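A closer look at the structure
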Amino acid sequence: MKPVQIKIVGKEKLFIKWDDRNESEITLDKLRRFCPCATCLAEREKQSKSYIQILSMNQVKILNISQVGNYAIGISWKDGHNTGIYEFTFLKKLAGLTGEAFSADS
Ligand SMILES: [Zn+2]
């Protein structure tokens, strides 16, 4: 499974069309909140459940999206953070996630 089209909609959502014709939408806020890079993972692990992550405007704006191999995309955020590699399977999982019922276990 892989995307056939990825675009940013209305500056706040990532739209993905998959090769199985499904479509996903993920808010940029959610994408950034679950940034899968090692730094952010470690940061989230340190926080308690009641911790509220406050994101600045530049942290939820995408500067650039690049393809990584044939399994992932890399996202450069406006605040300069660009180490998150979002695997397609992860994106699909993230798109199906509602609320906080999510643990980054992959
Ligand atoms: Zn990160």
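Report follows, based on the coordinates.

Procedures and definitions
Residues numbered from 1 in each chain as written. Predicted model: local features only at pLDDT ≥ 70, side-chain atom pairs only at ≥ 80, totals over all residues. Helix = DSSP H or I, 4+ residues; strand = E, 2+ residues; numbered from the N terminus. Rg over C-alpha atoms; globule rule 2.2 N^0.38 Å. Buried ≥ 20, exposed ≤ 12 C-beta atoms within 10 Å, placed from the backbone. Pairing = 2+ DSSP bridges. Axes fitted to C-alpha atoms, helices over the stretch in contact; angles between N-to-C directions. Contact = placed C-beta atoms within 7 Å. Core = buried A, V, L, I, M, F, W, Y, C linked by C-beta atoms within 7 Å.

**What to know about the overall build of the protein chain**
Within the protein chain one finds three helices and six strands. Going from N to C terminus, the protein chain has its helices and strands arranged as β-β-β-α-α-β-β-β-α. For 106 residues, the compact-globule estimate of 2.2 N^0.38 gives 13 Å, and the C-alpha radius of gyration of the protein chain, at 13 Å, lies within 12% of that figure. Expressed as lengths along the three principal axes of its C-alpha atoms, the size of the protein chain is roughly 40 × 25 × 25 Å. Classification of the 106 residues of the protein chain by burial places 13% in the buried group.

**Notes on the sheet that holds strand S3 (residues 23-27)**
In space, the three strands of this open sheet follow the order S1-S2-S3, with antiparallel pairing throughout. Looking along the sheet, the strands with just one partner apiece sit at the ends: strand S1 (3-9) and S3. In this sheet, adjacent strand axes meet at a mean angle of 20 degrees when their direction is disregarded. Of the pairings in the sheet, the one linking strand S2 (residues 13-18) to S3 comprises five bridges and is antiparallel in character. The partner of Ile16 across the bridge, within S3, is Ser24. Against the sheet, helix H3 (residues 88-96) touches S1, S2 and S3, its axis set at about 75 degrees to S3.

**Here we look at the nonpolar core**
Membership of the largest hydrophobic core is limited to twelve residues, which are Leu14, Ile16, Leu28, Leu31, Phe34, Cys35, Ile73, Ile75, Trp77, Tyr86, Leu91 and Leu94. Of all elements in the fold, only S2, helix H1 (28-33), strand S5 (72-77) and H3 reach the threshold of two or more residues within this core. When residues no more than four places from it in sequence are discounted, the contact partners of Ile16 are Pro3, Ile6, Glu23, Ser24 and Leu91.

**As for the environment of Ile6**
If you trace the backbone, Ile6 turns up in strand S1. Residue classification places Ile6 among the partly exposed positions, given that 15 C-beta atoms sit within 10 Å. Separated by 59 residues in sequence, Ile6 and Ile65 have C-alpha atoms that sit 9.1 Å apart. In contact with Ile6, other than residues within four places in its own chain, are Leu14, Ile16, Ile65 and Ile73.

**Notes on the sheet that holds S5**
Either a parallel or an antiparallel arrangement is found when strands of a sheet pair, and the pairing is made through backbone hydrogen bonds. Pairing is antiparallel across the open sheet formed by three strands, whose spatial order is S4-S5-S6. Two strands in the sheet have a free side with no partner beyond their single neighbour: strand S4 (62-68) and strand S6 (85-87). Taken pair by pair, the neighbouring strands of this sheet meet at an average axis angle of 30 degrees, ignoring direction. Where H3 meets the sheet, it contacts S5 and S6, and its direction lies at approximately 75 degrees from that of S6.

**Examining unusual backbone geometry**
Glycine aside, residues mostly have negative phi angles, and peptide bonds mostly take the trans form. Phi at Lys11 takes a positive value of approximately 60 degrees, unusual for a residue other than glycine. With respect to the helices and strands, the residue Lys11 is situated in the loop between S1 and S2. The phi torsion at Arg21 lies on the positive side, around 75 degrees, for a residue other than glycine. For Arg21, a count of 7 C-beta atoms within 10 Å gives the class exposed.

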